[in-house]
Amino acid sequence: MKRVVGVVVALVLVAGVAVVVWRSCCGGGGGGPAPVVSTLHGVIGSEKAEFFRDPGVQQALAAKGLKVDVTSAGSLEMSDQSVRGNDFAFPSSSVVANDIKGLNPVPVRPFYSPLVIVAHSSTAQLLLQNGLAAESPSGVWTFKMSGYLAALARQTTWQSLQGASSDPALTGRLYITTTDPASSSSGAIYLAVMSYLQNGGTVVSDQAGVTRSSALMRSVTELQGAQLPSSDGPFRNFVSGVGNPLVWVYESQVASEALKGTLPADTVLLYPDTTFLSDHTVVELTPGASALAVALRDDPKLQGLEARLGFRPAGNPQAFAQAMASAKTKGFAPDLSAAGVAQVAIPATPVMRQLVAAAEGSG
């Protein structure tokens, strides 16, 4: 009997030693040795702040030995000088990214998001009735940007629209609320799209184009009064039920809230038929940033998190539609081209800054 007990004790001891050895060499969690964590410092557009705050994203990055510490800035505020001292810059525009001298001649674009408009259902129906919006059989709404440009020129008011009596709360000039283009990429992109439309469907590329666009840039800005510095402000106002009926935001903001179930029940997402796909692009300023760029682009777990937080992963086109299938709010376009959404290019950064200056009345 003593011999049997001795054998059992010996086996237990051997098993214990084996577990200790396995944990020390293999991590015990099935993921291999615990990686040495490198902290990367970066400057990002504010629309990605929620992404980097997300615990799932932080865990997925930590599994790859990465910890990311970020500060927010408008994309147009990012320049070679302003981002130096960081490991990476992550603007929401490939044009801005290409102006920053990074280590990679072809910066990585892990995900993207179009600029869209949010409205309440009664507003969308009024736009539909007046030919300023359309709804496809699949429930995807589009906003007619050329019609909107014409309405601005006519100084159209909500009260003057056919059927306006259905929503007496809609009063005053019809316009879209944006962020301050001097500090926010989404506000600058709105100016780029409007200048493209006024310039006969051509990107403004010279002083003559800037001069032709200046009055429009100024008027669409003056209409709004004081503008908020980042895209989160106008969107939060919309969600809270205050502010202008039409708000220019990133699709990712709307999608993220839709997946949380926190959007107003009557929210309608309108895709401008002429818009810009915001290319979120990583500019590698130190060698360590390459691992982050590659992980964001290629890692399936991070791609799934990008879609769950409202972005469209470049390496997995189906991920966004799959994520949005569970959202209460419908109307997210699985395929932007099929929805009739055309993408415009935006002007080179020096010209873009001239358009912004014109909007502020200083150009």
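Residues numbered from 1 in each chain as written. Predicted model: local features only at pLDDT ≥ 70, side-chain atom pairs only at ≥ 80, totals over all residues. Heavy atoms only, no water.

Section: the overall build of the protein chain
Next up, step 1: Helix and strand counts for the protein chain stand at 15 helices and 12 strands.
Next up, step 2: On the principal axes, the C-alpha backbone points of the protein chain span a range of 100 × 45 × 35 Å.
Next up, step 3: Within the protein chain, the fraction of its 363 residues that count as buried is 49%.
Next up, step 4: With 24 positive and 25 negative side-chain charges, the protein chain shows a separation of 9 Å between the mean positions of the two kinds. (Helix = DSSP H or I, 4+ residues; strand = E, 2+ residues; numbered from the N terminus. Buried < 20%, exposed > 50% of the residue type's maximum accessible area, 1.4 Å probe, protein only. Lys, Arg positive; Asp, Glu negative; His and termini not counted. Charge placed at Lys NZ, Arg CZ, Asp CG, Glu CD.)

Some points on the packing of aromatic side chains
Next up, step 1: Per the stated rule, a full pass over the model turns up 9 aromatic pairs.
Next up, step 2: Aromatic side chains Phe320 and Phe332 sit 6.2 Å apart centroid to centroid with 70 degrees between the ring planes, which places their arrangement in the edge-to-face category. Of this pair, Phe320 sits in helix 14 (residues 319-324) while Phe332 sits in the loop between helix 14 and strand 12 (342-343), and the two are 12 residues apart along the sequence.
Next up, step 3: When its relative accessible area of 2% is taken as the criterion, Phe320 is described as buried.
Next up, step 4: A relative accessible area of 11% means that Phe332 is categorised as buried.
Next up, step 5: Aromatic rings pair up to connect Phe51, Phe52, Phe90, Phe111 and Phe311 into one cluster.
Next up, step 6: Its guanidinium or amino end placed over the ring of Phe90, Lys48 lies 4.7 Å from that ring's centre, counting from NZ or CZ. (Phe/Tyr/Trp six-rings, centres within 6.5 Å; stacked < 30°, edge-to-face > 60°. Lys NZ or Arg CZ within 6 Å of the ring centre and 35° of its normal.)

Regarding the pairing of strand 7 (residues 247-250)
Next up, step 1: Alternating positions in strand 7 separate into two faces, Val247 and Val249 on one and Trp248 and Tyr250 on the other, with burial throughout.
Next up, step 2: In this sheet, strand 7 lies alongside strand 4 (residues 108-120) in antiparallel orientation, the contact comprising 4 bridges. Across the sheet, Leu115 pairs through a bridge with Tyr250, a residue of strand 7. (Pairing = 2+ DSSP bridges.)

A few points about the packing of helix 3 (residues 55-62) against helix 13 (residues 300-308)
Next up, step 1: Interhelical geometry of helix 3 versus helix 13 gives an angle of 165 degrees and a closest axis separation of 10 Å. Looking at the two axes, helix 3 sits roughly antiparallel to helix 13. Where helix 3 crosses over helix 13, the two elements pack in a sense that is left-handed. Side by side, helix 3 and helix 13 meet where Gly56, Val57, Ala60 and Leu61 of the first sit next to Lys301, Leu302 and Leu305 of the second.
Next up, step 2: Class assignment of the residues belonging to the contact of helix 3 with helix 13 gives a composition of 5 nonpolar, 1 polar and 1 charged. (Axes fitted to C-alpha atoms, helices over the stretch in contact; angles between N-to-C directions. Parallel < 35°, antiparallel > 145°, perpendicular 65-115°, else oblique. Left-handed = near helix turned anticlockwise from the far one by under 90°. Contact = heavy atoms within 4.5 Å. Nonpolar A, V, L, I, M, F, W, Y, C, P; charged D, E, K, R; others polar.)

A short note on the confidence of the model for the protein chain
Next up, step 1: Residues with a pLDDT of 70 or more make up 90% of the protein chain, whose mean pLDDT is 89.
Next up, step 2: Long-range and interchain partners of residues 7-30, a stretch whose pLDDT sits below 50, account for 8 contacts in this model, where long-range means more than four residues apart. (pLDDT = per-residue confidence, 0-100.)

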